Amino acid sequence: MENSRRDFIKKSALAFGAIAISSSIGNVLSANESLEKENGLADGGKFILPALPYAYDALEPHIDKLTMEIHHSKHHKAYVDNMNKALEALDGKILGTSQTVETIFDNVAKLPMALRNNAGGHYNHSLFWSLMKPNGGGEPKGKLADAIKTTFGSFEEFKKQFTDAGMKRFGSGWAWLVKTKEGKLVISSTANQDNPLMNLESVEVKGMPVLALDVWEHAYYLKNQNKRADYITSWWNVVNWETAENIYTI
Ligand code: MN3
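Residues numbered from 1 in each chain as written. Predicted model: local features only at pLDDT ≥ 70, side-chain atom pairs only at ≥ 80, totals over all residues. Heavy atoms only, no water.

Caption draft 1: Spotlight on the overall build of the protein chain. A count of helices and strands for the protein chain gives 10 helices and three strands. Seen in sequence order, the protein chain has helices and strands lined up from the N terminus as α-α-α-α-α-α-α-β-β-β-α-α-α. A buried classification covers 52% of the 250 residues belonging to the protein chain. Taking as baseline every contact in the protein chain between residues at least 6 positions apart, the subset at least 24 positions apart corresponds to 67%. Just so you have it, the protein chain exposes about 10900 Å², and 51% of that area is on carbon and sulfur atoms. (Helix = DSSP H or I, 4+ residues; strand = E, 2+ residues; numbered from the N terminus. Buried < 20%, exposed > 50% of the residue type's maximum accessible area, 1.4 Å probe, protein only. Contact = heavy atoms within 4.5 Å. Areas by Shrake-Rupley, 256 points an atom, 1.4 Å probe, with all protein chains shown as cover.)

Here it is in structure tokens:
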């Protein structure tokens, strides 16, 4: 597997850990990595639903409690459960005992669609929760802020282009700010639960996701109905720029 992608995923796991040591969200990927190191996942290792690093109502009034509760405890949980089922059904084929997120994403083109969708859903949501917080929003500081200004001209221009990527994604999917292996920042979007770490031709921009926005209707329908633009406007108020900075600089 390409070294840079492996590094990206490891760094991402570290970034989760760095910002949420007291909650299990930081342990999703790293726990499985250490399991792999010790004895692989062949002996009963399962992926787990991470706890949110804040209460379901903590992002009110921008993102409502019921949406957060259903999104985390139903949608994300279903991705985890179905990922585990898909791995069980695969029965060691292709992946052997190396059943980590990184090996799944690396081999994803050869794997069943159920595994691609649900492993993507699990990773994407784990990252998404860590990229939000109460009293978030505003503008990033530090190296990420500098890189955004250098790349896009201004934070406002970046915000406009990222919002556009979320708005223009037809149907369900994600908008991303990606750090490529050359260290460049690029805005992109993917369909369904694909992400920039997946080794797929259809993923146009590959690299480390620094910022992630879920634009599936289940992320906003209860509060905003069909108005994706209102949801994205609200979401900017809860962005956890510290996590984004951690991922960018690690
Ligand atoms: Mn979602």
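After that view, the rundown keeps rolling.
Caption draft 2: Molecular detail of the nonpolar core. In this structure, Phe-158, Leu-177 and Trp-235 are the most contacted members of the largest nonpolar core, which totals 65 residues. Lining this core are residues from two domains, each supplying at least three of them: domain 1 (2-49 + 63-130) and domain 2 (142-248). (Core = buried A, V, L, I, M, F, W, Y, C linked by side-chain atoms within 4.5 Å. Domains from an automatic or database assignment.)

Caption draft 3: The arrangement of the coordination of the manganese ion in detail. Taken together, the protein ligands of the manganese ion are His-71 (NE2), His-125 (NE2), Asp-214 (OD) and His-218 (NE2), with distances of 1.9 to 2.2 Å. When the donors of the manganese ion are listed by position in the chain, the intervening gaps give H-x53-H-x88-D-x3-H. Taken as a pair, His-125 in helix α5 (residues 113-130) and His-218 in the loop between β3 (208-214) and α8 (221-224) lie far apart in primary sequence, 93 residues in all. Both residues of the pair, His-125 and His-218, count as buried. (Donors = N, O, S within 2.8 Å, 3.2 Å for Na, K, Ca; no water.)

Caption draft 4: Examining the packing of helix α3 (residues 65-90) against α5 more closely. Two elements in contact, α3 and α5, have axes whose closest approach is 8 Å; the angle formed by their N-to-C orientations is 140°. Relative to α5, the element α3 lies oblique. The way α3 lies across α5 gives a crossing that is left-handed. The residues of α5 that touch α3, namely those facing Met-68, His-71, His-72, His-76, Ala-78, Tyr-79, Val-80, Asn-82, Met-83, Ala-86, Leu-87 and Leu-90, are Ala-114, Leu-115, Asn-117, Asn-118, Ala-119, Gly-121, His-122, His-125, Ser-126, Phe-128 and Trp-129. The residue inventory of the contact of α3 with α5, partitioned by class, reads 13 nonpolar, 10 polar and no charged. (Axes fitted to C-alpha atoms, helices over the stretch in contact; angles between N-to-C directions. Parallel < 35°, antiparallel > 145°, perpendicular 65-115°, else oblique. Left-handed = near helix turned anticlockwise from the far one by under 90°. Nonpolar A, V, L, I, M, F, W, Y, C, P; charged D, E, K, R; others polar.)

Caption draft 5: Just the pattern of salt bridges, in detail. One pass over the structure, following the stated rule, counts five salt bridges. The residue Lys-46 makes a salt bridge to Glu-88 at a minimum N-O spacing of 2.7 Å. Of the two residues, Lys-46 is situated in the loop between α2 (27-39) and α3 and Glu-88 in helix α3; the sequence distance between them amounts to 42 residues. A relative accessible area of 42% places Lys-46 in the partly exposed class. Close ionic contact of Asp-194 with Arg-116 constitutes a salt bridge, the shortest N to O distance being 2.8 Å. Of the two residues, Asp-194 is situated in the loop between β2 (185-191) and β3 and Arg-116 in helix α5; the sequence distance between them amounts to 78 residues. Considered together, Asp-194 and Arg-116 belong to a single accessibility category, that of buried residues. (Salt bridge = Lys/Arg side-chain N within 4 Å of Asp/Glu carboxyl O.)

Caption draft 6: Just the packing of helix α6 (residues 142-152) against helix α10 (residues 241-249), in detail. Packing of α6 against α10 leaves a shortest axis separation of 8 Å and a crossing angle of 80°. When the axes of α6 and α10 are compared, the pair comes out roughly perpendicular. The segment α6 lies against α10, with Gly-142, Lys-143, Leu-144, Ala-145, Ala-147 and Ile-148 engaging Trp-241, Ala-244, Glu-245, Tyr-248 and Thr-249. Across the contact of α6 with α10, the residue classes tally to seven nonpolar, two polar and two charged.

Caption draft 7: Spatial organisation of the pairing of β2. Here strand β1 (residues 173-179) pairs with β2 via seven bridges, running antiparallel. In the strand pairing of β2, Leu-177 is matched with Ile-187. (Pairing = 2+ DSSP bridges.)

Caption draft 8: Focus on the packing of aromatic side chains. Inspection of every chain in the model, using the stated rule, returns 15 aromatic pairs. Taking 5.9 Å as the distance between ring centres and 45° as the angle between the ring planes, the aromatic pair formed by Phe-155 and Phe-158 counts as tilted. Of this pair, Phe-155 and Phe-158 both sit in helix α7 (residues 155-168), separated by three residues, roughly a single helical turn. Of the residues examined, Phe-155 reaches a relative accessible area of 5% and is grouped as buried. Exposure remark for Phe-158: the relative accessible area of 0% places this residue in the buried category. Residues Phe-158 and Trp-241 carry aromatic rings whose centres are separated by 6.4 Å and whose planes lie at 65° to one another, so their mutual orientation is edge-to-face. A residue pair is termed long-range when its members are at least 10 positions apart, and Phe-158 in helix α7 and Trp-241 in helix α10 qualify at 83 residues. Grouping residues by exposure puts Phe-158 and Trp-241 together as buried. A network of ring pairs unites the aromatic residues Phe-152, Phe-155, Phe-158, Phe-162, Trp-235, Trp-236 and Trp-241 as a single cluster. (Phe/Tyr/Trp six-rings, centres within 6.5 Å; stacked < 30°, edge-to-face > 60°.)

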